[in-house]
Amino acid sequence: MPEPEAPSRREALISAAYEVLATRGFEGLRTREVAAAVGVNIATLHYYFPHKEDLIRGVVAYAMGRFRGTLGGAGSAEDQLRAHFRGVRRLSRDEPELFAVMAELAIRGARDTSLHEIIGDTDQAWRAMLRTLLRRAQSEGAVPAGLDADGMAGVIVSALKGTFMPPVTQPEVVERTIRQLEALVGLRAAPSPTPRGHAGR
């Protein structure tokens, strides 16, 4: 029996499944191939993930974790909102496979009740975090006081999820979408950087 204290093996299995989803979609996801890619047998995979659904849950958690990593942190709510948008821009540029996986999950989730619930839970958590940030940004005077924070959080999630769907995964499309969201939210224009050689003048 494999050692339960080996999180790296569990993570390796999730990573291998993630790569398959990104390149071949759900139709190409075979647990035996995932196990072989990590150098373990199918019994070992089933030790960590008794059912294929459990492995998919692990992939969803990993993928959503990449997005959640762009939320939170220090600074004002305005700073955190801007950091979130910057983070999504960076992910679209540097990790296109993440968008491919999220598209697969969204498509499959429309007809898979269990997966739909998983994605729904993560979407609700995402909206809740954005709603909190937007309300804090309102109290800070960074966005208009009359903004419907709950409705805008839903708009942001829906718009960004729309960028996951093929063929709308190009970074330039993501950039245009985020610029419009920033304008819609009412974030103040970011201050222009001080030109080099002019600091302190």
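Rules of the game
- Residues numbered from 1 in each chain as written.
- Predicted model: local features only at pLDDT ≥ 70, side-chain atom pairs only at ≥ 80, totals over all residues.
- Heavy atoms only, no water.
- Helix = DSSP H or I, 4+ residues; strand = E, 2+ residues; numbered from the N terminus.
- Expected span 1.5 Å × (residues − 1).
- Contact = heavy atoms within 4.5 Å.
- Core = buried A, V, L, I, M, F, W, Y, C linked by side-chain atoms within 4.5 Å.
- Buried < 20%, exposed > 50% of the residue type's maximum accessible area, 1.4 Å probe, protein only.
- Salt bridge = Lys/Arg side-chain N within 4 Å of Asp/Glu carboxyl O.
- Axes fitted to C-alpha atoms, helices over the stretch in contact; angles between N-to-C directions.
- Parallel < 35°, antiparallel > 145°, perpendicular 65-115°, else oblique.
- Nonpolar A, V, L, I, M, F, W, Y, C, P; charged D, E, K, R; others polar.
- 1 Å grid on protein atoms, 1.4 Å probe; cavity = no way out; pocket = protein on both sides within 12 Å on 5 of 7 lines; lining within 4 Å.
- Points joined across faces, edges and corners; volume = space filled by probe spheres on them.
- Phe/Tyr/Trp six-rings, centres within 6.5 Å; stacked < 30°, edge-to-face > 60°.
- Arc of directions from axis to C-beta.

Draft legend 1. Region of the structure containing helix α9 (residues 171–185). With 15 residues, α9 extends 21 Å from end C-alpha to end C-alpha; this agrees with the ideal 21 Å at 1.5 Å per step. If you follow the buried residues of α9, they end up packed against α5 (77–94), α6 (96–109), α7 (113–140) and α8 (149–162). One or two residues past the end of α9 sits Gly-186, with phi positive at roughly 90°.

Draft legend 2. The arrangement of the nonpolar core in detail. By size, the foremost hydrophobic cluster in this structure holds 58 residues, and its most contacted members are Val-34, Leu-105, Leu-134 and Ile-156. Sequence-distant contacts of Val-34, that is, excluding residues within four places in its chain, are made with Leu-13, Ala-16, Ala-17, Val-20, Leu-29, Leu-45 and Leu-55.

Draft legend 3. Quick peek at the pattern of salt bridges. Within this structure, the stated rule accounts for 12 salt bridges. Notably, a salt bridge pairs Glu-78 with Arg-82, separated by 3.3 Å at the nearest N-O pair. Taken together, the residues span about one helical turn, with Glu-78 and Arg-82 both in helix α5 at a distance of four residues. You can call Arg-82 buried: its relative accessible area is 14%. Across the salt bridge formed by Asp-94 and Arg-93, the nearest N and O atoms sit 3.1 Å from each other. Taking the relative accessible area as the measure of exposure, Asp-94 reaches 44% and is therefore partly exposed. Judged by relative accessible area, Arg-93 falls into the exposed class, the value being 52%. Three or more residues are tied together by salt bridges with common partners; here these are Arg-89, Glu-175, Arg-179 and Glu-182.

Draft legend 4. Representation of the packing of α5 against α9 within the structure. Running from amino to carboxyl end, α5 crosses α9 at an angle of 170°, the nearest separation of the two axes being 9 Å. Taken together, the axes of α5 and α9 are roughly antiparallel relative to one another. In contact with Phe-85, Val-88, Arg-89, Ser-92 and Arg-93 of α5, α9 contributes Pro-171, Val-174, Glu-175, Ile-178, Arg-179, Leu-181 and Glu-182. In the contact of α5 with α9, the residues fall into six nonpolar, one polar and five charged.

Draft legend 5. Seen up close, empty space enclosed by the protein. Under the criterion given, the structure shown has one cavity of 30 Å³ or more. Considered as a void within the structure, the largest cavity measures approximately 60 Å³ in volume. Lining the largest cavity are Met-64, Phe-67, Arg-68, Leu-71, Thr-122, Ala-125, Trp-126 and Met-129. Secondary-structure elements contributing two or more residues to the lining of the largest cavity are α4 (52–68) and α7. The greatest single-element share of the lining of the largest cavity, amounting to four residues, is contributed by α7. Here the residues of the lining of the largest cavity are counted per class, giving six nonpolar, one polar and one charged.

Draft legend 6. Fine view of the packing of aromatic side chains. Within the structure shown, the criterion is met by two aromatic pairs. Each ring, one from Tyr-18 and one from Tyr-62, has its centre 5.0 Å from the other, and the planes form 80°; the classification is edge-to-face. Of this pair, Tyr-18 sits in helix α1 (residues 7–24) while Tyr-62 is found in helix α4, placing the two residues 44 residues apart along the sequence. The class of Tyr-18 is buried, set by a relative accessible area of 3%. Plain terms: the ring middles of Tyr-47 and Tyr-48 are 5.2 Å apart, the flat faces sit at 90° to each other, and that makes the pair edge-to-face. For Tyr-48, a relative accessible area of 12% puts it in the buried group.

Draft legend 7. Focus on helix α2 (residues 31–38). By the burial criterion, the buried members of α2 are Thr-31, Val-34 and Ala-35. Angular distribution of buried residues about the axis of α2 spans 100°; they occupy a single face of the element. With respect to the buried face of α2, the exposed residues turned more than 90 degrees away are Arg-32, Ala-36 and Ala-37. Just past α2, the residue Gly-39 takes up positive phi, approximately 85°.

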